[in-house]
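If you want the building blocks of each chain, they are given just below.
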Amino acid sequence: MERIKANATEKKALLIQGLDKTYRSGVHAVKGVDFTVEEGEVHALLGPNGAGKTTTIKSILGFINYKGDIKVFQEDIDSVRANVAFVPEDKSFYEFMTPEVAIKVCKRIIDQFDPNTAFEFMRRFNLPMKKKIKGFSHGMKTALYLSLCLAQKSSLYIFDEPTWGLDPIRRDDVLEIIRNLVIDGKTVLYTSHIISEVEKITDRISIMFDGKILFSGYTDDIKANYRIYYLPLDFKLPQELEYLSAKRDKEKLIVLTGDETAIETLRGEADTQEVIPNLEIFFQTLLRGKNYV
Amino acid sequence: MFNKTIMEMKFRIIIFALFFVLMLVFLIVTRPFIDEMFSQMNIGSEQMENLPDFFKNILAETAQVSKMMEDDQYFLMSQWYSKNFGQFLPLFALIMTFTIFAREVDKGTIYFLLAKKNRPAIFWGKTLTGYFVVIGLTVIFSFIAPIAMMLSGYSVTFSPQLFVLIVQQLIGVTFFYSLFLLFSVLFNDQIKPILVGIIVIVGLPFLSMFESVKWLNPYPYILGTQVISNGTFDGIYSLALMVITAIIIWTGLEVFKRKEF
């Protein structure tokens, strides 16, 4: 996706410095994470299960205690909460309500909530307005939560697995809606397991693994600046060069690098196969090879 | 927040309101039979002389109660405030309160609230709404009982003694509300707060068995034992309960502000 330069201002919607979280159980979920989300971009936080994505989001929203510094629009979250909309991983809503009642309740609870927008989204998702939420499928609950979240006039939208349980058509609708938020000047932080959908809408990604950020950068830059090399198994990697990841599988040595000197060097080797990575391959190569760097 | 919390409590409000109404109707309907029952327990002085001393004491007490039961005002205070309605107040407070926070955490809906409002706003919104319901129903059924007795032709008045009894019950129910609310904040599921609450309700009367700690049992205060027998307001106990209630609510707020979800 082509980056819209006009939206890429220097203002930070989200600034995270030295975020560290150890749960009482002893699990060290996030280990000194730093990253920023610029205003007017879709930033995807990617990683396998247990990477620390949800813990990071919970920290941003103040659901858990943490070490480090988090600023949302240069403020503490409690000062700007009305300006942040959130869809959690668990889309549980009050099951005794119908969507109609949910809209009325949200109007009373949420500042800057537009009931008409909520109705429009619910109609678009074909939600039965008079049926109790208790009888909804996972996909319908996700659609309901998204409708209520999108009806909140906010500057920052945080979505944790927003397309979970949705059918492909609704999923595409949601991706389009998220993309339109940014066109309207909003900022989106987004997590997903489905890399192909992330590639469609994100400006920038941060890849987490084992509580750390392994990579943070623009999606456009991945194709432009990074290369994957398939080298003979017995090839000795020059130690002075920089690699993002390297792994020996049964037949090849697979190296991911964005370092210009490394690219020049490896490109000139015999029996080398060079691949321009898409996000899916980049993500997989980075995670599979990270232990061998 | 107010409407949502009321909607969540609606079913329990209806059930308890119906229960209290039925209990009140039953009390008024059986009023004449209570008199009769006590009068039948009185026996003549000749028969009394042949009985053992301990039995004489029991019968003397029964005769005294029987005499007092003839008074409608005494009947109302002892049978409604001190027994039926009064005894159910802690359980009523528990059933209305235990879900206030615990259900939101248990069902995962707490994230919806936490994302929209700051924690003190959520705490006070839910706490005050729950309190409004609990204290509202307590006040309604405290005042409906004498009115219903009056309308049924019994000589009952809103005496100062009755008001003192009602004030003590309101302070008592507020104490129980704060305690059960704290359990609801502390636990992440709905089973533990109700289980611990029941243990408290059942366990407190046992404290009366030990002289040194019997003051910890608030039931005699809530049921107005001293008010009915002496007509006096227990000011020190009232003040102590109010201070403890304030401390418990403050603790609940601080726990909720720091809790991880």
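Residues numbered from 1 in each chain as written. Chains lettered and ligands numbered in written order. Predicted model: local features only at pLDDT ≥ 70, side-chain atom pairs only at ≥ 80, totals over all residues. Heavy atoms only, no water.

### Points about the overall build of chain B
At step 1: Assigned secondary structure in chain B consists of 12 helices and zero strands.
At step 2: Listed by position from the N terminus, the elements making up chain B come as α-α-α-α-α-α-α-α-α-α-α-α.
At step 3: A burial count over chain B gives 49% of its 261 residues as buried.
At step 4: Long-range pairs, those at least 24 residues apart, make up 79% of the contacts in chain B with a sequence separation of at least 6. (Helix = DSSP H or I, 4+ residues; strand = E, 2+ residues; numbered from the N terminus. Buried < 20%, exposed > 50% of the residue type's maximum accessible area, 1.4 Å probe, protein only. Contact = heavy atoms within 4.5 Å.)

### Thoughts on a positive patch on the surface
At step 1: Residues Lys132 and Lys134 of chain A together with Lys10 and Lys107 of chain B make up a contiguous surface patch of positive charge.
At step 2: Within the secondary structure layout, Lys10 of chain B lies in helix 1 (residues 2-41).
At step 3: Judged by its relative accessible area of 52%, Lys10 of chain B falls in the exposed class. (Patch = residues over 30% accessible without salt bridge, like charges linked within 9 Å, V, L, I, M, F, W, Y side chains within 5 Å. Areas by Shrake-Rupley, 256 points an atom, 1.4 Å probe, with all protein chains shown as cover. Salt bridge = Lys/Arg side-chain N within 4 Å of Asp/Glu carboxyl O. Lys, Arg positive; Asp, Glu negative; His and termini not counted. Charge placed at Lys NZ, Arg CZ, Asp CG, Glu CD.)

### Re the packing of aromatic side chains
At step 1: Counting across every chain of the model gives 36 aromatic pairs over all chains.
At step 2: Ring centres 5.3 Å apart and planes at 75 degrees place the aromatic pair Tyr226 of chain A and Phe282 of chain A in the edge-to-face group. Here Phe282 of chain A lies in helix 10 (residues 279-289) and Tyr226 of chain A lies in the loop between helix 8 (219-225) and strand 10 (227-232), a separation of 56 residues in the sequence. Each member of the pair, Tyr226 of chain A together with Phe282 of chain A, is buried.
At step 3: Taking 6.5 Å as the distance between ring centres and 90 degrees as the angle between the ring planes, the aromatic pair formed by Phe16 of chain B and Phe19 of chain B counts as edge-to-face. Of the two residues, Phe16 of chain B and Phe19 of chain B both sit in helix 1, three residues apart, roughly one turn of that helix. (Phe/Tyr/Trp six-rings, centres within 6.5 Å; stacked < 30°, edge-to-face > 60°.)

### Focus: the sheet that holds strand 10 of chain A
Residue and element names in this part refer to chain A.
At step 1: Pairing within the open sheet is antiparallel, and its four strands lie in the order 11-12-10-13. Edge strands, defined here as strands with exactly one partner in the open sheet, are strand 11 (245-248) and strand 13 (273-275). The average undirected angle you get between the axes of adjacent strands in this sheet is 15 degrees.
At step 2: Here three bridges tie strand 10 to strand 13, and the two strands are oriented antiparallel to one another. Opposite Tyr230, over in strand 13, you have Gln273 as the bridge partner.
At step 3: This element, helix 9 (residues 260-267), spans strand 10, strand 12 (252-257) and strand 13 of the sheet and lies at about 40 degrees to strand 10. (Pairing = 2+ DSSP bridges. Axes fitted to C-alpha atoms, helices over the stretch in contact; angles between N-to-C directions.)

### A short note on the domain arrangement of chain A
Residue and element names in this part refer to chain A.
At step 1: Per the domain assignment, the segments of chain A are domain 1 (5-220) and domain 2 (226-292).
At step 2: One C-alpha centre belongs to domain 1, the other to domain 2; they are set 33 Å apart.
At step 3: Listed as interface residues are 13 residues of domain 1 and, on the opposing side, 10 residues of domain 2.
At step 4: When domain 1 packs against domain 2, the two sides together hide about 1000 Å² of surface, and 87% of this comes from carbon and sulfur.
At step 5: On the surface where domain 1 and domain 2 come into contact, there are one residue pair in polar contact (both at pLDDT 80 or more). (Domains from an automatic or database assignment. Buried area = accessible area lost by both parts, 1.4 Å probe. Polar contact = N/O pair within 3.5 Å; in protein donor to acceptor, adjacent residues only side chain to side chain.)

### What about the interface of chain B and chain A?
At step 1: At the junction of the two partners, chain B supplies 22 residues and chain A supplies 27 residues.
At step 2: Summing both partners gives a buried area of about 2300 Å² for chain B against chain A, and 56% of it is carried by carbon and sulfur.
At step 3: When the buried surface of chain B facing chain A is broken down by residue, Phe112, Lys116 and Glu260 of chain B rank first, second and third, together holding 29% of it.
At step 4: The interface formed by chain B and chain A holds one salt bridge in total.
At step 5: Between Glu260 of chain B and Lys21 of chain A there is a salt bridge; the shortest N-O distance is 2.4 Å.
At step 6: Here chain B is connected to chain A by 16 residue pairs in polar contact (both at pLDDT 80 or more).
At step 7: Where the side of chain B that touches chain A is concerned, the elements lending two or more residues are helix 1, helix 5 (99-107) and helix 6 (110-116) of chain B.

### Let's talk about helix 7 (residues 119-151) of chain B
Residues separated by three or four positions in an α-helix point in the same direction, a consequence of the helix having 3.6 residues per turn.
At step 1: Taking 1.5 Å per residue as the helical rise, helix 7 of chain B with its 33 residues ought to reach 48 Å, and the 47 Å between its terminal C-alpha atoms agrees with that figure.
At step 2: Two residues or fewer past helix 7 of chain B, Gly153 of chain B is found with a positive phi of approximately 95 degrees. (Expected span 1.5 Å × (residues − 1).)

### Focus on the packing of helix 7 of chain B against helix 8 (residues 160-186) of chain B
All names here are of chain B.
At step 1: Helix 8 packs onto helix 7 with a crossing angle of 150 degrees between their chain directions and a minimal axis gap of 10 Å. If you check the angle between helix 7 and helix 8, you find them roughly antiparallel. As for how helix 7 packs across helix 8, the hand of that crossing is right-handed. Where helix 7 approaches helix 8, its residues Phe123, Lys126, Thr127, Gly130, Tyr131, Val134, Ile135, Thr138, Val139, Ser142, Phe143 and Pro146 are matched on the opposing element by Leu162, Phe163, Ile166, Gln169, Leu170, Val173, Thr174, Tyr177, Leu181 and Val185.
At step 2: Split into classes, the residues belonging to the contact of helix 7 with helix 8 amount to 15 nonpolar, six polar and one charged. (Parallel < 35°, antiparallel > 145°, perpendicular 65-115°, else oblique. Left-handed = near helix turned anticlockwise from the far one by under 90°. Nonpolar A, V, L, I, M, F, W, Y, C, P; charged D, E, K, R; others polar.)

### Overview of the pattern of salt bridges
At step 1: Here the structure, examined in full by the defined rule, presents 26 salt bridges over all chains.
At step 2: We note a salt bridge from Lys141 of chain A to Glu95 of chain A, for which the minimum N-O separation is 3.2 Å. Highlighted residues: Lys141 of chain A in helix 5 (residues 138-150) and Glu95 of chain A in the loop between strand 5 (84-87) and helix 3 (99-109), separated in sequence by 46 residues.
At step 3: Lys257 of chain B is paired through a salt bridge with Glu254 of chain B; the nearest N and O atoms lie 3.3 Å apart. Here the residue Lys257 of chain B and the residue Glu254 of chain B both occupy positions in helix 12 (residues 235-258), the gap between them amounting to three residues, near one helical turn.
At step 4: Among the ionic contacts, a cluster of salt bridges with common partners joins Lys12, Glu38, Glu41 and Arg204 of chain A.

### Looking at the packing of helix 8 of chain B against helix 12 of chain B
Residue and element names in this part refer to chain B.
At step 1: Interhelical geometry of helix 8 versus helix 12 gives an angle of 20 degrees and a closest axis separation of 9 Å. Compared by their axis directions, helix 8 and helix 12 come out roughly parallel. In the crossing of helix 8 with helix 12, the sense of the turn from one axis to the other is left-handed. Of the residues in helix 12, those touching helix 8 at Ile171, Gly172, Thr174, Phe175, Ser178, Leu179, Leu182, Val185 and Leu186 are Ser238, Leu241, Met242, Ile244, Thr245, Ile248, Ile249, Thr251, Gly252, Val255 and Phe256.
At step 2: Its residues assigned to classes, the contact of helix 8 with helix 12 comprises 13 nonpolar, seven polar and no charged.

### Things to note about the side chain of Ser82 of chain B
Residue and element names in this part refer to chain B.
At step 1: For Ser82, the position within the fold is in helix 4 (residues 72-97).
At step 2: A relative accessible area of 15% means that Ser82 is categorised as buried.
At step 3: From its side chain, Ser82 meets the backbone oxygen of Leu223 in a polar contact 2.9 Å long.
At step 4: Ignoring any residue separated from it by four or fewer positions in sequence, one finds Ser82 in contact with Met77, Gln87, Leu223 and Ile228.

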